[in-house]
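Residue-level structural notes
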Amino acid sequence: QVQLVDSGGGLVQAGGSLRLSCAASGIVFRLTVMAWYRQAPGKQRELVATSTSGGGTNYADSVKGRFTISRDNAKNTVYLQMDSLKPEDTAVYYCNAVRYSGGVKLEYWGQGTQVTVSS
């Protein structure tokens, strides 16, 4: 059974930093594409950052230069370091894992962790 457990959210002032963690179990982590999404009140869920199994990373334009995604395959954990936080970064952040089995895309989500940035 695949399980993703998000943690690390909280309340921080603008300009501050937070680090989110997502511990995964039940998957071959090193072969899995991991990502962070976020959803602000009244808005659609959006992709924030992606970490591929090959070590590549991608970021939404709104977070480039401020957020860094990383992974520790030995610990089955993916991180999101968030620096220079802005009030518009306020959202629930979700960890996401994607793998393919027999050509079928399987997607899993963490429970979400709230990030609130005060001005």
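All of these numbers come straight from a predicted model, not from anything done at the bench.

We now examine the nonpolar core. Core analysis: the biggest nonpolar cluster contains 29 residues, and Trp-36, Leu-80, Met-82 and Tyr-93 have the highest contact counts within it. Of all the elements in the fold, those that place two or more residues in this core are β3 (18-25), β4 (33-39), β5 (46-51), β7 (67-72), β8 (77-82), β9 (91-101) and β11 (113-118). Setting aside its immediate chain neighbours within four residues, Met-82 contacts Gly-16, Ser-17, Leu-18, Leu-20, Arg-66, Phe-67, Tyr-93 and Val-115.

Following the criterion strictly, the structure yields one disulfide and no others. The side chain of Cys-22 participates in a disulfide bridge whose partner is Cys-95; the two sulfur atoms lie 2.1 Å from each other. Judged by the sign of its S-S torsion, about -75 degrees, the bond between Cys-22 and Cys-95 is left-handed. A residue pair is termed long-range when its members are at least 10 positions apart, and Cys-22 in strand β3 and Cys-95 in strand β9 qualify at 73 residues. Of the residues examined, Cys-22 reaches a relative accessible area of 0% and is grouped as buried.

A word on the side chain of Arg-38. Locating Arg-38 in the fold gives a position in strand β4. Among the polar contacts listed, one links the side chain of Arg-38 to the side chain of Tyr-93, at a separation of 3.0 Å. In contact with Arg-38, not counting residues within four places along its chain, are Gln-44, Arg-45, Glu-46, Val-48, Ser-62, Val-63, Phe-67, Glu-88, Asp-89, Ala-91, Val-92 and Tyr-93.

Looking now at the pairing of strand β1 (residues 3-7). Burial along β1 is one-sided: Leu-4 and Asp-6 are buried, and none of Gln-3, Val-5 and Ser-7, which face the opposite way, are. Two strands pair when backbone bridges link them, and β1 and β3 are joined in this way by five bridges, in the antiparallel orientation. Following the sheet pairing, Asp-6 is matched in β3 by Cys-22.

Pairing analysis gives five bridges linking β4 to β5, with the strands arranged antiparallel. Each residue of the ladder has a partner; that of Met-34, found in β5, is Ser-51. Once β4 ends, the chain turns through six residues before running back antiparallel as β5, passing Gly-42 with a positive phi of about 75 degrees. Here three bridges tie β5 to strand β6 (residues 57-59), and the two strands are oriented antiparallel to one another. By the bridge assignment, Ala-49 is partnered in β6 with Tyr-59. Where β5 hands over to β6, the hairpin turn is made up of five residues, of which Gly-55 adopts a positive phi near 95 degrees.

Rules used throughout
- Residues numbered from 1 in each chain as written.
- Predicted model: local features only at pLDDT ≥ 70, side-chain atom pairs only at ≥ 80, totals over all residues.
- Heavy atoms only, no water.
- Core = buried A, V, L, I, M, F, W, Y, C linked by side-chain atoms within 4.5 Å.
- Buried < 20%, exposed > 50% of the residue type's maximum accessible area, 1.4 Å probe, protein only.
- Helix = DSSP H or I, 4+ residues; strand = E, 2+ residues; numbered from the N terminus.
- Contact = heavy atoms within 4.5 Å.
- Disulfide = S-S within 2.5 Å.
- Polar contact = N/O pair within 3.5 Å; in protein donor to acceptor, adjacent residues only side chain to side chain.
- Pairing = 2+ DSSP bridges.

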